[in-house]
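# Architecture at a glance
The chain contents come next:
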Amino acid sequence: MSSKMSSSLQSIEKKIRKMFQQPRKGETYELRAGLVSQYANERKDTIKQVIAAMTVGKDVSSLFPDVLKNIATHDLKQKKLVYLYLMNYAKTNPELVILAVNTFVQDTEDPNPLVRALAIRTMGCIRVDKMVDYMEIPLNRTLKDENPYVRKTAAICVAKLFELNREICIDNGFLEQLQALVEDPNPMVVANAINALSEIHEFDPSLQVLKITPELLKKFLLALNECTEWGRVTILTALSDYQAVSPGEASHIMDRVLPQLQHSNPSVVLSSIKVILLNIESLKDTKDYETILKKLSAPLVSLVSTPPEVQYVTLRNMRIIIEKYPTILTNYFKVFFVRYNDPLYLKLEKLEIIVRLAVDSNATQILNELKEYGFELEPDFVKRAVQAISQIGIKLPRKSEKAVEILILLLNERELYDEVIIALRDILRAYPEKSSLILPSVLHHHQNLTDSDAIGSFIWSLGEFNVENFDDQIAEYADNFKELDPNVQSSLLNSIVKTMVRRNELGHLFNKIFQEADDIESIEVRDEVFLYQRILSLDDREEIRKIILTKLNKINNTISYFQPDLLEFFIRQLSTLNSVLYTTAASSKVTKMSQVAHMKDITLRVANDENLLDFEDDDGTANLDANPQSSANILDELNDLFTNNTNTTSQTNHTQTNDLFGFSNNTNNSAGISNSNNNNNPNKTNQDLLDLF
Amino acid sequence: MASVIHFCDSKGKSLLSRDFKGDIPSWAIEKFPFLLVESEEEPSKASPIIQFNGINYLYITHNNLYLLAMTKSSGMDTNVAQIFLFLHKIITVLTEYFKRLEEESIRDNFVIIYELLDEMMDFGYPQITETKMLKEYITQRSYQLEKRQKKAQELGPPSAITNAVSWRKEGITYKKNEAFLDVIESVNMLINQQGKVLRSEILGKIKVKSQLSGMPDLRLGLNDKIIHTDHNSNSGKNVEMEDVKFHQCVRLSKFETDKIITFIPPDGEFDLMTYRLSTSLKPLILVDCQIVTHSKSRVVITARIKSQIKKKSTANNVEILIPVPEDADSPKFQYSHGKIKYDPANSQIVWKLKHFPGGKEYAMQAELGLPSVLNTDPDVKVKRPIKVNFQIPYFTTSGIQVRYLKIQEPKLQYQSYPWVRYITQSGDDYTVRVD
């Protein structure tokens, strides 16, 4: 019995042992066998299989020693694959990498320049300390290589080394060697040397590795014509950090850069435009100024015929450029008419450009075009097009009637109830005197409204324009007060209170809401109720009338603009991510301290690089004219009091204040993109009240 | 600059990637499919740039593939325009290598893709992206270094990289020296319901196929239509403005100062220049279309097309794509010329004409049934435009003409033959609006 037990235990033990032994079968086993095969072809095929497995995400790091055995080969393709494997798995086997060092160093002396370059390129990508120690000699050698292909690769390798170990890099004088390469006879080497220096500069600006002297400037401008397209972008980017010392020099730079506008690569064109815009201001008030500016229009327009993603970058950049130079594209407004097959993000951006290009002479054509967009399919595009119509109507008083006419046509024919009512509300705010023209349409369709903004707009207009015969509707809404959206609640309160003061009616509705105020979910609306109650309980009836019935100031613009400092900042940033997303993120690698200094430089107070993609739902508005502060202190408190959605700012007052961002209490807000209220915020109550102070 | 490049399938799952800087954590790519779904859910916020947790995702699409570049560097140091163009360049190069770039060709050619990415980008900086140069030393076949040691020169990087002329190698020879020029103009036009042109532009291109020996220096003469661009005269209404873009072989400063187009061409085919004219044009093919909808029963479409080009010219492969309601069925057609087909998948009828001579006018009528239940979807009111495709050989809309192409090879002094062809075609946006 006991012997039986022990024998069965033994067999279990055997089984367990077997489980922990190296597998004799399976993929890894076969690969390992292939890697040490005596036949070169089989080894090479196996390496390919290993790379294939790596590509699909399998972990083949356990094969490291066996792959490494194949490093010393004369087959270039095989060598590349082994190197690729090493780059991927060096981190997991740092102690084994040392075995490869010898081959690497040898390869940097290979008669074939391709092998020399491959070796030095790969060494820089193996981010293991041990490798760094061995890079000094090969890097020194390849930086002085007779073949430019090797030199251009070595130049980049200096930047790689710098990020791994800056001491070694500085102590060995690699930075000086790199600076010397900027004067290399081969343009590709020059370009990569500048690339590497910019990379190092980004990492540590205090080293001043890329200081452009007059001699260097001359070199750059000469190399510009010889370089590949990417090299040109490199040089142009470096040039955009250079401040010309005199108008003459600025003019010389522009002369050299202007021909690049004819380059077929759009990023060369965009970078050239940036360099020109940075230099052109020094020629202001000369006749060249206008001539050069005009030369930018056609190349800019051509950028709208590029692949969609590049077009997107361009259109976002154009918004910056036309804000600084408003007439530069006015004649070309038709280029921004959307194409039926454009992706939505392009259609929306084109609308942004169109509303900014609209002037009296082209507005009729633009409005007719926007009308057609009202009949398109995508709801977001249609909505934006309708908003654009009201934006143009408000921007250009002489075109307001045309805009209203088209909006009402879209209301009746396309049945765009919500969108049009919101747009009409904005127009009413700009032209209250036109209410007799607009109100009938608003009232006629109120039963078709579903969007809370639109319903709020409808209810607001009842109170604002003293419309009679709608008490039943108001009562109906008031009965379900608690279920309404906060902005509808707010509009409703506003209209009820106005009617009370004007006609002494609807008081019972307000009382009911007041009595149940504690059940109102939104704190802001609740506060509003209490505030109204306090105002209404004032003794002086005239005072009450004055407070409640004060007319809003007219708005005269619902298109957003950047504030001047920010605009300058974005011009410097053209074609970078910042200029596309309208963020102000500084270099990530720069130390905190200098980052702060930098932010001060551009006088921006907010420095977040949060995800700003979603700021579009605030319509990307940045309108300083909309600064509502007449008395900052009181207003701050009131803003706190009345923030019932994120946008409480209004355009009703045009008092400039020094505090550029003091009023943006919008958490979504990107740095410096202040938020005006052309988005559909019907909570006018606040503004009515704010006006008082 | 770009830290890593991924080729992803239609769901955003990575098929192949190359890490250039090693600063992107591995969760970043795993998150990509979810970010794509998120952006699809909110189309109004979708764009080719996504930011998530400090990672910038820049992507383009091609044949159900996503090409994705990720960067970690800040908004200041990321040249978005360059990265997007580089991604497009990858597509161009790989398409020239494998004919078609799709999921399968990536799986089949992973070794060569790794090799190419290694040459095209280093540490996030674009390097050599000319297919002609890359093909010099990155080939599908492999070679043994040992055996061909004698020809070491051949195995090295293309000598052209060391030259000032980085797009052409030395020692090219042809028995017969010829250069073919194709002047291709794509016309985009938006025509309204009344037949009025709202917007029109010509996107022109001169393609060159060079079969010339040695290091020839070429000089191209055009009529002044394009070259004498007067930047000062673009005031007033009828704006005629032009913009010319050249292949990197053209000496830009020479063009800027003397308006002369001179260049040493790459070998084989390339786009020498592109140009754009936004002048007001007459419709080349006019479509007059009436769509009468009898709701709940049928829709009747009457279309007349007129070819408004010279009598001598003929438009070929003409296609008129007319939208019909999505719920239409049982089509009946009456027509005298060409062929008409109903394409229910795209809710349109397609009228094809192989040849459409200038000055002719054809008509057709189509009747389609509609379901008896009224479609209450408000999108029924959506208007889709008619799209027109065509090609007109031996004709340029702008009137551009090649006056001469002088070919000089200082050493070889050979006789050479330039050839020119012209063609006008519809661009990707030749549309006619309907009521």
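Residues numbered from 1 in each chain as written. Chains lettered and ligands numbered in written order. Predicted model: local features only at pLDDT ≥ 70, side-chain atom pairs only at ≥ 80, totals over all residues.

Under the convention used in this document: UniProt positions are given in the numbering used here, feature names are shortened, and annotations may be inferred rather than shown by experiment.
Looking at an unreviewed UniProt entry, one finds chain B named MHD domain-containing protein and attributed to Wickerhamomyces pijperi. The record held by UniProt for chain B lists under Subcellular location (unreviewed entry) the comment "Cytoplasmic vesicle membrane". Its UniProt record, at the heading Sequence similarities (unreviewed entry), says of chain B: "Belongs to the adaptor complexes medium subunit family."

Looking at an unreviewed UniProt entry, chain A carries the name AP complex subunit beta, with the source organism given as Wickerhamomyces pijperi. In its Sequence similarities (unreviewed entry) section, UniProt records this for chain A: "Belongs to the adaptor complexes large subunit family." Looking at the Subcellular location (unreviewed entry) heading of the UniProt record, one finds this comment for chain A: "Endomembrane system".

### Here's the deal with the overall build of chain B
Quick reminder of the rule: Note on conventions: DSSP H or I runs of at least 4 residues are helices, E runs of at least 2 residues are strands, and numbering of each starts at the N terminus. Each residue is classified by how many other C-beta atoms fall within 10 Å of its C-beta atom, where C-beta atoms are placed from the backbone; a count of 20 or more means buried, 12 or fewer means exposed, and values in between mean partly exposed. Any two residues are considered in contact once their C-beta atoms, placed from the backbone, lie within 7 Å.
Helix and strand counts for chain B come out as nine helices and 23 strands. Of all 435 residues assigned to chain B, the portion counted as buried reaches 38%. Taking the contacts inside chain B whose residues are at least 6 apart along the sequence as the reference set, 70% of them involve residues at least 24 apart.

### Some details on the overall build of chain A
Counting its regular elements, chain A contains 36 helices and zero strands. Each of the 693 residues in chain A was classed as buried or not, and the buried ones make up 50%. The contacts in chain A between residues at least 6 apart in sequence include a share of 71% that link residues at least 24 apart.

### Re the packing of helix 23 (residues 400-414) of chain A against helix 24 (residues 417-430) of chain A
All names here are of chain A. As a reminder of what qualifies: Orientation is described by axes fitted as lines to C-alpha atoms, over the contacting stretch for helices, and by angles from 0 to 180 degrees between their N-to-C directions. Angles below 35 degrees are treated as roughly parallel, those above 145 as roughly antiparallel, those between 65 and 115 as roughly perpendicular, and all remaining angles as oblique. Helix crossings get a hand from a simple test, with the near helix turned counterclockwise from the far one by less than a right angle marking a left-handed crossing and a clockwise turn marking a right-handed one.
Where helix 23 contacts helix 24, the axes come no closer than 9 Å and their chain directions differ by 160 degrees. When the axis of helix 23 is compared with that of helix 24, the two are roughly antiparallel. Judged by the twist between their axes, the crossing of helix 23 over helix 24 is left-handed. Residue-level inspection shows S400, A403, V404, L407, L410 and L411 of helix 23 in contact with helix 24, the latter providing Y417, V420, A423, L424 and I427.

### Concerning unusual backbone geometry
Positioned with a positive phi, N466 of chain A is a non-glycine residue whose angle comes to about 50 degrees. For N53 of chain B, which is not glycine, the phi dihedral falls at a positive 45 degrees. Judged by the 9 C-beta atoms lying within 10 Å of it, N53 of chain B is exposed.

### Points about the sheet that holds strand 9 (residues 197-211) of chain B
Two pairing modes exist for strands in a sheet, parallel and antiparallel, and in both the strands are linked by backbone hydrogen bonds. Spelled out, the test is: Between any two strands, at least two bridges found by DSSP are needed for them to pair.
Taken together, the nine strands give an open sheet; going across it, the order is 11-13-9-8-23-21-16-19-18 (chain B), and neighbouring strands pair in mixed fashion. The two strands at the open ends of the sheet, each matched to only one other strand, are strand 11 (242-246) and strand 18 (339-343) of chain B. Taking each pair of neighbouring strands and ignoring which way they run, the sheet shows an average axis angle of 15 degrees. In this sheet, strand 19 (residues 348-357) of chain B lies alongside strand 18 of chain B in antiparallel orientation, the contact comprising five bridges. Each residue of the ladder has a partner; that of Y342 of chain B, found in strand 19 of chain B, is I349 of chain B. On the sheet, helix 18 (residues 287-302) of chain A packs against strand 11 and strand 13 (268-277) of chain B and is oriented at approximately 70 degrees with respect to strand 11 of chain B.

### With respect to the nonpolar core
Selection rule: What we call a nonpolar core is a set of buried Ala, Val, Leu, Ile, Met, Phe, Trp, Tyr and Cys residues whose membership is set by joining through C-beta atoms within 7 Å.
Judged by nonpolar contacts, the single largest core of 230 residues is most densely connected at I389 and L407 of chain A. Excluding residues within four positions of it along the chain, L407 of chain A makes contact with V386, I389, S390, V420, A423 and L424 of chain A. By size, the runner-up hydrophobic cluster in this structure holds 54 residues, among which are A303, I309, A315 and I320 of chain B.

### What about the sheet that holds strand 3 (residues 49-52) of chain B?
All names here are of chain B. Strand order in the open sheet formed by five strands is 2-1-5-4-3, with antiparallel pairing between adjacent strands. The outermost strands of the open sheet, each flanked by one partner alone, are strand 2 (14-19) and strand 3. When strand polarity is set aside, the average angle formed by the axes of neighbouring strands in this sheet is 20 degrees. Here four bridges tie strand 3 to strand 4 (residues 55-62), and the two strands are oriented antiparallel to one another. Across the sheet, Q51 pairs through a bridge with N56, a residue of strand 4.

### Here's the deal with the packing of helix 9 (residues 136-143) of chain A against helix 10 (residues 148-164) of chain A
Residue and element names in this part refer to chain A. It is the contact of helix 9 with helix 10, at a shortest axis distance of 8 Å, that shows an interaxial angle of 140 degrees. Here helix 9 is positioned oblique relative to helix 10, judged by the angle of their axes. Of the two elements, helix 9 crosses helix 10, and the hand of that crossing is left-handed. Counted together, L139, T142 and L143 of helix 9 and V150, R151, A154, C157 and L161 of helix 10 form the full contact between these two elements.

### So, the interface of chain B and chain A
The cut-off we apply is this: Put simply, Ala, Val, Leu, Ile, Met, Phe, Trp, Tyr, Cys and Pro go in the nonpolar bin, Asp, Glu, Lys and Arg in the charged bin, and everything else, Gly too, in the polar bin.
Taken together, the 81 residues of chain B in the interface contact 95 residues of chain A. Of all the elements, helix 2 (residues 80-98) of chain B adds the most residues to the side of chain B that touches chain A, at six residues. Looking at the side of chain B that touches chain A, its residues break down into 37 nonpolar, 26 polar and 18 charged.

### Brief notes about the pairing of strand 13 of chain B
Residues and elements named next belong to chain B. Summarising the sheet, strand 9 and strand 13 pair through nine bridges and their orientation is antiparallel. Among the inter-strand pairings, K207 is bridged to a residue of strand 13, identified as D271. The pairing of strand 11 with strand 13 spans five bridges and is classified as antiparallel. Residue pairing in the sheet places E242 in a bridge with L277 of strand 13.

### Concerning the environment of M87 of chain A
Residue and element names in this part refer to chain A. By the secondary structure assignment, M87 is in helix 5 (residues 76-89). Separated by 39 residues in the primary sequence, M87 and I126 place their C-alpha atoms 5.2 Å from one another. In this view, M87 contacts T122, C125 and I126; residues no more than four positions away in its chain are not counted.

### Structural notes on the domain arrangement of chain A
Stated precisely, the cut-off is as follows: An automatic or database domain assignment supplies the residue ranges for each domain.
Domains assigned within chain A are domain 1 (27-238), domain 2 (307-448) and domain 3 (564-677). Computed over C-alpha atoms, the centres of domain 1 of chain A and domain 2 of chain A are 53 Å apart.

### Thoughts on the environment of N147 of chain A
Residue and element names in this part refer to chain A. Residue position: N147 is located in the loop between helix 9 and helix 10. C-beta crowding within 10 Å serves as the criterion here: with 20 such atoms nearby, N147 is assigned to the buried category. Taking the C-alpha atoms as reference points, N147 and I170, separated by 23 residues in sequence, lie 24 Å from one another.

### Structural notes on the pairing of strand 19 of chain B
All names here are of chain B. In the sheet, strand 16 (residues 314-323) pairs with strand 19 via nine bridges, with the strands oriented antiparallel. The residue of strand 19 that forms the bridge with P323 is Q348. Hairpin geometry of strand 18 and strand 19 is characterised by an intervening segment of four residues between the two adjacent antiparallel strands and by a positive phi of about 50 degrees at S347.

### Details of the environment of T286 of chain A
Relative to the elements of secondary structure, T286 of chain A occurs in the loop between helix 17 (266-280) and helix 18. In this structure, the C-alpha to C-alpha distance between T286 of chain A and S62 of chain A, residues 224 residues apart in sequence, is 70 Å.

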